[in-house]
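# Topology and contacts: notes
The residues making up each chain are set out below.
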Amino acid sequence: MNMESAIAARLDSAYESTVYHLKAGGGGTVLEINDLCLWYGQTQALHHVQMTVEKGLVTALIGPSGCGKSTLLRCINRMNDLVDGLKIKGQIRLNNEDIYNRAADVIALRKRMGMVFQKPNPFPMSIYENVIYPLKVDGVRDKAFLEETCERALRSAALWNEVKDRLDQSALGMSGGQQQRLCIARAIAADPEVLLMDEPCSALDPIATAKIEDLINELAGQYTVVIVTHNMQQAARVSDNTAFMYLGRLIEYGDTEIIFQTPKSPKTQDYVTGRFG
Amino acid sequence: MSAMTETLEASAETVPMSRARARRTDMRSRGEPALWSLGGALAIGILMILGFLVLVLSNGIATFVPKPLRVVTQTDGKVTAGEPFRSEVFKPVPQDVAQLSPEWQEKIKAANGYVDRTLYRLGNFDIYGEDFRWVPEFLVAKVEQPKNLLFIERSEWGPFIGTVKTFKVDGVDQAFSGLDDAKFTQVHEQSRERAQAIRKVERSDIGKVNRALDDGRLALRKIELKDGKDSAAYRAADTRFAAQNVELQRQYQALTEQVQKLREANAKNTLTLVEVGGREKTIDFSGLVRAYAANDLSLGQKIGVYFSRWAEFLVDEPREANTEGGVFPAIFGTAAMTLLMVLVVAPFGVITALYLREYAQQGRLVSFVRISVNNLAGVPSIVYGVFGLGFFAYVVGGSIDSVFFPERLPNPTFGTGGLLWSALTLALLTVPVVIVATEEALAAVPRSMREGSLACGASKWQTIKYIVLPRAMPGVMTGIILAMARGAGEVAPLMLVGVVKLAPQLPVDGTFPFVHLERSFMHLGFHIFDVGFQSRNAEAGKPMVFVTTVLLIALVAIVNATAIVVRSRLKKRFAGSQF
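Here the residue numbering is sequential within each chain, running from 1 through the sequence in written order. Each chain is given a letter, starting from A, and each ligand a number, starting from 1, according to the order in which they appear as written. Where local features are concerned, this predicted model is filtered to residues with pLDDT of at least 70; where side-chain atom pairs are given and counted, the filter is 80 or more; whole-chain, interface and lining totals use all residues. Working from all heavy atoms in the structure, the side-chain values ignore hydrogens and water.

## Some details on the interface of chain A and chain B
- Any two residues having at least one pair of non-hydrogen atoms within 4.5 Å are treated as being in contact. With 28 residues of chain A at the interface, the matching set in chain B holds 24 residues.
- By buried area we mean how much accessible surface two parts lose on assembly, using a 1.4 Å probe and totalling the loss over both. Counting each side, the surface lost to burial between chain A and chain B is near 2,200 Å², with a carbon and sulfur contribution of 62%.
- Whenever Lys or Arg places a side-chain nitrogen within 4 Å of a carboxyl oxygen from Asp or Glu, that contact is recorded as a salt bridge. With a closest N to O distance of 2.6 Å, E451 of chain B and R74 of chain A form a salt bridge.
- Counting of polar contacts relies on pairs of N or O atoms within 3.5 Å, with two restrictions inside protein: one atom must be capable of donating a hydrogen and the other of accepting it, and residues adjacent in sequence are counted only when both atoms are side-chain atoms. Where chain A touches chain B, the interface holds four residue pairs in polar contact (both at pLDDT 80 or more).
- We count a stretch as a helix when DSSP gives it H or I for four or more residues in a row; a strand needs E for two or more, and each element gets its number in order from the N terminus. Among the secondary structure elements, those contributing two or more residues to the side of chain A that touches chain B are α3 (106-111), β7 (113-116), α5 (133-137) and α8 (176-188) of chain A.

Laid out in structure tokens, this is it:
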């Protein structure tokens, strides 16, 4: 038995003892993840994950590569549906609706969430068309409303002043940081209930990263944000709650300050102090 | 143990040596021979293409240049007048050599029995019965280039080489003073105009009357098929059409008389030509296309003749079994067929590829379909022609005829080769190209784009419509360009499904319903085959083969260039992308 599987066995026996010390946002719970297990073919990637996401707060998912944090995030808006041979057990509830219910409409569900990806992925169209894309696919044709939404989303994404004179130009001509903020504007254009961010700064330089982090801080309160990050300082800077995951298990979940300063679990302690990961 | 240490020590000593040698990488590992063969293959390919282009272009572009005429007097008294066509060395038979003068015998012996000869294009086929004549060098007594010798292009019998003796206007003899004689050119123009008028009346006016007669007959036949010959409806229609036919017959008579009058007027204006041997030939002015004094042309006149020939070639109809005149119907047919083919193959191929790549469950069945599609591209094109004739023309077209045009049977309407069936056959032939190119283009659309769109709440179809297809468009265009190039150059299957040597009507004209998909048409590729290999005199057709080839290449190049411009415009929209 190698070391990893030995650790896994030990963790499995102790999974009940995920440490929780959640900071409440006052707005109640938006997401509820109940006993979520997930398999890619024969490999189990998530083990009995149990957590809730507070409304209006920023929740960070941290952990070493392959710990399942991106997988968990992509479960929330069912992006994993695209993967062949995927099996899921458990429940995710968005505002008390089971999203893996057989009757759930995936497309309608994704409209209630926004997602920002690791690499900026603007569409090959103009800046304006990029921002209003979620509304366009929703069938909104009212021009005044679309323009108003575009401005509001770009202002929220702190991009309006930079692009207001070239809304009709291709989005592909922008810098990487601008492109990522455009993707954020696109994600919040349709007023999502949850904003999912999958390592949004990993392809950006430090200055662009700082801008995005400021933006996340501004969006907090207005939106519920779930952010996956590799960068522990970033998690400490932007999030209210942090979930630490390891080998597909949720080890510790709660107030970011406690996680980084006085973690309750020895595994978390090892990770945040840089002993492994 | 000690032995082992020794070997180790020995090898330790040799290490620096071998490293020093290894610093020079040898040619084989640097891939030098491979590089040479790769570059060589490319060079050979380019040379072959360049050689082909130079051959075709030099011949094709020079064809319409007016060439000088020579009059050769032979030692045996025979006189040959014509355009020198080409020269070569040949070995005359010994009996002929034996009859020559001693100097010539010496000369030929010195050249190992070889001697030059020149091929002359004679013209005057109606008098000589031959188009070309070889004149060996040893028979030449005198070569002249008389300035008054004319090259006269006629609408019948090919060119005439000789001079104008006299011409008649309204039956009165006139003295000929030269080609720029005011009376001569005036009469020529009048006669040509009358000939045009005759053609117009015969083609369009008489054609209209004939069509009306035919429509009446068909309408009557339709009623007969529906109600039977004894019905009241048939009898009523019969009397109605009989009255109509009388009126149409009267119109027909009037038109024929009109034509007859024009013909008679033209017959009064004649011109008598005489060839170098003194034999005469009288033709109507209307049969004279163009005449020039080949040895007395200024540069400007040469250019004028050159371009007027190109203009005739591009906008006129062919004459003389396609070896002369223009190729406009063939250009039109090629373009119309290719356009129709693209209209069919582009949506069909793209939709198929979309399903295969985006929707179909990737598995054995899809792999099998994909392999089959790729194999379709390798089926000989004539097989598609047979399929097109058997399935499209006979089965589909035959059914259309029996349902929609029963009154025309047994004459087929759609039940024979035609523009539509040709386009469909070629669409079938080129659809694998479009499918393969589109599939590759779809596969190259980054996953991040699709995910981004799906995460915005777009359905799969919306993602394909707004993100995937626009992004894949340059690749799709590449496929369509390749399909067009392949389709425009294909000849073999078309010979079975609708291309003809001479089509009386264009597939698009002014009569309802304006686009006649059932009509057979002319095609540049087939024209090359026909002129070059099926005409009375292959040698005479050779220049036309080159010119038509130049035209076909130019047409394909223009079509491709347009498509490439469109594609690069599309590509520009994605410029600056990081992915």
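From this point on, the discussion continues.
## Comments concerning the domain arrangement of chain B
All names here are of chain B.
- Here the bounds of each domain stem from an automatic or database domain assignment. What the domain assignment lists for chain B is domain 1 (70-145), domain 2 (177-287) and domain 3 (332-577).
- Computed over C-alpha atoms, the centres of domain 1 and domain 3 are 52 Å apart.
- Contacts between the two partners involve six residues from domain 1 and, on the opposite side, six residues from domain 3.
- A per-residue breakdown of the area domain 1 buries against domain 3 is headed by F85, D131 and F132, which together make up 63% of the total.
- Inspection of the region where domain 1 meets domain 3 yields zero salt bridges.

## Here we look at the packing of helix α6 (residues 143-156) of chain A against α8 of chain A
Residues and elements named next belong to chain A.
- Where helices are involved, their axes are fitted lines through C-alpha atoms of the stretch in contact, as for all axes, and angles between N-to-C directions lie from 0 to 180°. At a closest axis distance of 8 Å, the pairing of α6 and α8 adopts a crossing angle of 130 degrees. Viewed along their axes, α6 and α8 adopt a mutual orientation that is oblique. Judged by the twist between their axes, the crossing of α6 over α8 is right-handed. Where α6 abuts α8, its residues R152, A153, L154 and S156 lie against L182, A185 and I188.
- Of the residues in the contact of α6 with α8, the class split is five nonpolar, one polar and one charged. By the definition adopted for this analysis, an angle is roughly parallel if under 35 degrees, roughly antiparallel if over 145, roughly perpendicular if from 65 to 115, and oblique otherwise. Left-handed describes a crossing whose near helix is turned anticlockwise from the far helix through less than a right angle; right-handed describes the clockwise counterpart. Only Asp, Glu, Lys and Arg are considered charged, only Ala, Val, Leu, Ile, Met, Phe, Trp, Tyr, Cys and Pro nonpolar, and every remaining residue, Gly among them, polar.

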